[in-house]
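Listed here are the chains, written in short residue letters.
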Amino acid sequence: MAEFNIEVFGAVERWTINGEARRNALSRAMVGELQQHVARVSGAERAVRAVVLTGAGTKAFCAGADLKERATMSEDEVRAFLELLRATLRAIELSDCAFLAFINGAAFGGGTELALACDLRIMDEAAEMGLTEVKLGIIPGGGGTQRLPRLVGKGAAKDLIFTGRRVGAEEAKALGLVNRVGDIDDAMHLARNIVENAPLAVGLAKHAIDDGLELELDAGLALEQRLYQRTLGTEDRLEGLKAFAEKRPPVFKGK
Ligand code: COA
């Protein structure tokens, strides 16, 4: 059985983790397939411009590492799995495609780390998130200690990671851990809003924000300038101006 159920809605794809019985936990097979799908939508064609990633059922978005599989793995196998997971999450960030996590249920450990690697997070009002690793004698190994403080700040990240506590939608929204509280239709609507815009511009804006945040301000502004320059020669920029003058919606081609 495929690890993901893939549905196509024009330039938006919805990827549903197909593992309800194990609460959509991150198995080796599942992360391997995720890596292939990320590579597919990040290729030169760029027909897909936004992905909504969610989990099957209502109980879990992703219950983190597959703890049953983990119990059978050697230390070397755990290390190899974490490398695969880290590379896959990084590929999501480096992709020009916009990734939205719809957190339909519990997202613990690696489940929260998967959501953190996405560009935007929409959370069901009954869902819970948490980096619960210290309760299992480990620390987050899929980027959680790095991405969470970048998103919510050092103090809130330490609160969540040191206690391993679970947060509901209201607190997650207040912390800035999620962008919106809503349902799958809200997540799909947001994705459609994104793909209406010029594809190259959205991809460049993603890199300007993500890469720029790692730089000091002047270097970040210089990065923005370089990326802006790349929009100047595009057909889509001219189409944006023409459509404005003609009072019609633009038809972007990603060129
Ligand atoms: N890995 C493997 N299997 C998992 C799993 C995981 N991370 N989380 C849940 N499952 C399995 C359970 O073992 C159970 O299998 P079984 O039917 O063979 O006994 C099944 O999924 C349902 O689990 P259950 O706990 O009964 O479901 P629930 O809907 O009441 O609760 C969770 C769902 C996600 C809240 C709960 O399962 C949970 O807290 N899981 C552990 C999360 C965790 O600690 N992740 C690791 C962080 S590093």
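Here the structure is a predicted model, which is why all the values come from computation and not from measurement.

> Explanation requested: the sheet that holds strand S5 (residues 98-103) in the structure shown.
Adjacent strands of a sheet pair through backbone hydrogen bonds, lying either parallel or antiparallel. Pairing is mixed across the open sheet formed by 6 strands, whose spatial order is S1-S2-S3-S5-S7-S10. Edge positions in the sheet fall to strand S1 (4-9) and strand S10 (180-181), since each has one partner strand and no second. Where S1 meets strand S2 (residues 12-17), 6 bridges bridge the pair, whose relative direction is antiparallel. Opposite Phe9, over in S2, you have Val12 as the bridge partner.

> Would you take a moment to explain the site of the ligand for this structure?
Within the structure, the ligand sits among 17 residues, and Arg23, Ala63, Ala65, Leu67 and Lys68 are positioned closest to it. Between the ligand and the protein, one listed contact pairs a nitrogen atom with a backbone N or O atom of Ala65 at 2.8 Å. Residue Leu67 places a main-chain N or O atom 2.8 Å away from a nitrogen atom belonging to the ligand. Across the complex, the protein chains shield 62% of the 880 Å² of accessible surface that the ligand would expose by itself. Of all elements in the fold, only helix H2 (67-70) and strand S6 (106-108) reach the threshold of two or more residues within the shell around the ligand. Class assignment of the residues belonging to the shell around the ligand gives a composition of 8 nonpolar, 2 polar and 7 charged.

> It is not clear to me how the packing of aromatic side chains should be interpreted in this structure. Could you clarify?
On inspection of all chains with the given rule, the structure shows 2 aromatic pairs. For the pair Phe4 and Trp15, a centre-to-centre distance of 6.5 Å together with 70° between the ring planes defines the contact as edge-to-face. You can see Phe4 sitting in strand S1 and its partner Trp15 sitting in strand S2, a full 11 residues away along the chain. Both residues of the pair, Phe4 and Trp15, count as buried. An angle of 75° between the planes, with centres 5.8 Å apart, marks the rings of Trp15 and Phe99 as edge-to-face. Of this pair, Trp15 sits in strand S2 while Phe99 sits in strand S5; the two residues are 84 residues apart in sequence, bridging distant segments of the chain.

> I would appreciate a short explanation of the pattern of salt bridges in the present structure.
Summed over all chains, the structure comprises 17 salt bridges. Between Arg28 and Glu77 there is a salt bridge, with the nearest N and O atoms lying 3.9 Å from each other. Within this pair, whereas Arg28 is found in helix H1 (residues 28-41), its partner Glu77 is found in helix H3 (residues 75-94), the two being separated by 49 residues in sequence. Looking at Arg28, the relative accessible area reads 34%, which means it is partly exposed. The exposure class assigned to Glu77 is partly exposed, which follows from its relative accessible area of 32%. Salt bridges sharing partners connect three or more residues here, namely Glu239, Lys242, Glu246 and Arg248.

> I would appreciate a short explanation of the sheet that holds strand S4 (residues 60-62) in the present structure.
Read across the open sheet, the 4 strands follow the order S4-S6-S8-S9; overall the sheet is mixed. The sheet terminates laterally at S4 and strand S9 (167-168), the two strands that pair on one side only. In the sheet, strand S8 (residues 128-130) pairs with S9 via 2 bridges, with the strands oriented antiparallel. Among the inter-strand pairings, Met129 is bridged to a residue of S9, identified as Val167. This element, helix H4 (residues 110-117), spans S4, S6 and S8 of the sheet and lies at about 95° to S6.

> Would you mind going over a nonpolar patch on the surface with me for this structure?
A cluster of nonpolar residues, Leu67, Leu136 and Ile138, forms a patch on the protein surface that exposes about 290 Å² of accessible area. The exposed category is assigned to Leu136, whose relative accessible area is 54%.

> Please explain the domain arrangement of the protein chain as it appears in this structure.
One frequently used descriptor of interface size is the decrease in accessible area upon assembly of the parts. Domains assigned within the protein chain are domain 1 (4-194) and domain 2 (198-246). Its C-alpha centre places domain 1 at a distance of 27 Å from the equivalent point of domain 2. With 12 residues of domain 1 at the contact, the number on the domain 2 side is 8 residues. Summed over the three residues of domain 1 that lose the most area to domain 2, namely Arg49, Asp96 and Arg150, the buried surface amounts to 47% of that side. In this structure, Asp119 and Lys206 form a salt bridge, with 3.0 Å as the shortest nitrogen-oxygen distance. Applying the counting criterion to the domain 1 and domain 2 interface returns 6 residue pairs in polar contact (both at pLDDT 80 or more). At 3 residues, the largest contribution of residues to the side of domain 1 that touches domain 2 is made by H3.

The rules behind each value
- Residues numbered from 1 in each chain as written.
- Predicted model: local features only at pLDDT ≥ 70, side-chain atom pairs only at ≥ 80, totals over all residues.
- Heavy atoms only, no water.
- Pairing = 2+ DSSP bridges.
- Helix = DSSP H or I, 4+ residues; strand = E, 2+ residues; numbered from the N terminus.
- Near = heavy atom within 4 Å.
- Polar contact = N/O pair within 3.5 Å; in protein donor to acceptor, adjacent residues only side chain to side chain.
- Areas by Shrake-Rupley, 256 points an atom, 1.4 Å probe, with all protein chains shown as cover.
- Nonpolar A, V, L, I, M, F, W, Y, C, P; charged D, E, K, R; others polar.
- Phe/Tyr/Trp six-rings, centres within 6.5 Å; stacked < 30°, edge-to-face > 60°.
- Buried < 20%, exposed > 50% of the residue type's maximum accessible area, 1.4 Å probe, protein only.
- Salt bridge = Lys/Arg side-chain N within 4 Å of Asp/Glu carboxyl O.
- Contact = heavy atoms within 4.5 Å.
- Axes fitted to C-alpha atoms, helices over the stretch in contact; angles between N-to-C directions.
- Patch = residues over 30% accessible without salt bridge, like charges linked within 9 Å, V, L, I, M, F, W, Y side chains within 5 Å.
- Domains from an automatic or database assignment.
- Buried area = accessible area lost by both parts, 1.4 Å probe.

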